[in-house]
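Residue-level structure breakdown
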Amino acid sequence: MVAHWLAELDGRRVIVDVPGSSANLGAGFDCLGVALALTNRVEVEVRGWSRGEIELTIEGEGRDELTEDRDNRFVRGLEAALGAARGELPEGVGWRIDMHNQIPLARGLGSSAAATVAGVVAANALTNAQLRIAAGIEGHPDNAAAALLGGFVVTAATPDGIEAIRFDPPRDLRAVLFIPERRLPTDAMRKALPATVPFEDAVANMGAVGLGVAGMAAGRTDLLARLTVDRIHEPYRAAIYPELPRLVAAARKAGALGACLSGAGSTIIAFTDSVSKITRIEAAFAAVAADDDLDGRIQVVEPRTAGARVVPAG
């Protein structure tokens, strides 16, 4: 017998769109992120009498790759949030899910965080949910917070859970993305990091984060030049991704306000508030990629102020 609360939801349909994101932003390792106008849209319908079956279709990024069962990040977020709000899910619950994905997989643009957050937001539309659940599943609160809240976010773990503060990005800021065909799994890029870093490098990053966050909040985009220079993760990840320093240096030389690895990569993100410099940055990325025989594509996106949201059907 289906639980009473699930029977009430049977047949309900929710549509969520959720942005991709770039985490770290250079020196802000594991604590800074920005939402980007790369969007996944997911429609879910509750099927309370489906004997636990999941009907999941995917268009766009991840088609024929993403799991179509309960290991799918969207399903995990959805069921974890419903469980937190209403208790253990009954065995009979199933879902019909349609995904339309723009966010590339395993490129440092927050695809797994977006899927998890979309599931939590869908559950919230049905019942109630929060950032703690999404961050717990995703494991990276910077991406999860950016996807959930939009804008620039600063996150930290506290004794009471995840704390996140957001603020709107400067209006004219744009992100030029070089998205290689090469995938770099987050776990592998984490293993490249040392157990400890030099004291001087840690201090340099702390200063860069302080100035960068204050600068972004005040509209000082020039301080992205300091924020995006990292000394505690990018130098070590370059051992796995040798094109990284050249791509970043080329973007900066072309006039980018700042450039860095997006999340754990492989995407490189460069910021500008000048339309004329977009073309120069694109050309710089293309030149390095050609020299290094690195296939990829270039995309220009805006930071996204809105986080994940429920959208009207139709």
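As a starting point, this report considers the structure included with it. None of these values were measured; they are calculated from a predicted model.

**As for the nonpolar core**
- Residues Phe-74, Trp-95, Ile-97, Leu-177 and Phe-271 are the most contacted members of the largest nonpolar core, which totals 55 residues.
- Broken down by element, the residue count for this core peaks at 8 residues, all from helix H3 (residues 111–126).

**With respect to a negative patch on the surface**
- The grouping of Asp-64, Glu-68, Asp-69 and Asp-71 at the surface amounts to a negative patch.
- Considering the arrangement of structural elements, one finds Asp-64 in the loop between strand E3 (54–60) and helix H2 (73–86).
- Given a relative accessible area of 73%, Asp-64 falls into the exposed group.

**Describing the sheet that holds strand E8 (residues 258–261)**
- With respect to topology, 4 strands assemble into an open sheet ordered E8-E9-E7-E10, the strand pairing being antiparallel. Both outer strands of the open sheet, E8 and strand E10 (296–301), are each paired with one neighbouring strand and no more. When strand polarity is set aside, the average angle formed by the axes of neighbouring strands in this sheet is 15°.
- Note that E8 and strand E9 (residues 268–272) share 4 bridges and pair antiparallel. Among the inter-strand pairings, Gly-258 is bridged to a residue of E9, identified as Phe-271.
- Each of strand E7 (174–180), E9 and E10 touches helix H11 (residues 275–291); the most contacted strand, E7, lies at about 15° to it.

Calculation rules
Residues numbered from 1 in each chain as written. Predicted model: local features only at pLDDT ≥ 70, side-chain atom pairs only at ≥ 80, totals over all residues. Heavy atoms only, no water. Core = buried A, V, L, I, M, F, W, Y, C linked by side-chain atoms within 4.5 Å. Buried < 20%, exposed > 50% of the residue type's maximum accessible area, 1.4 Å probe, protein only. Helix = DSSP H or I, 4+ residues; strand = E, 2+ residues; numbered from the N terminus. Patch = residues over 30% accessible without salt bridge, like charges linked within 9 Å, V, L, I, M, F, W, Y side chains within 5 Å. Areas by Shrake-Rupley, 256 points an atom, 1.4 Å probe, with all protein chains shown as cover. Salt bridge = Lys/Arg side-chain N within 4 Å of Asp/Glu carboxyl O. Lys, Arg positive; Asp, Glu negative; His and termini not counted. Charge placed at Lys NZ, Arg CZ, Asp CG, Glu CD. Pairing = 2+ DSSP bridges. Axes fitted to C-alpha atoms, helices over the stretch in contact; angles between N-to-C directions. Contact = heavy atoms within 4.5 Å.

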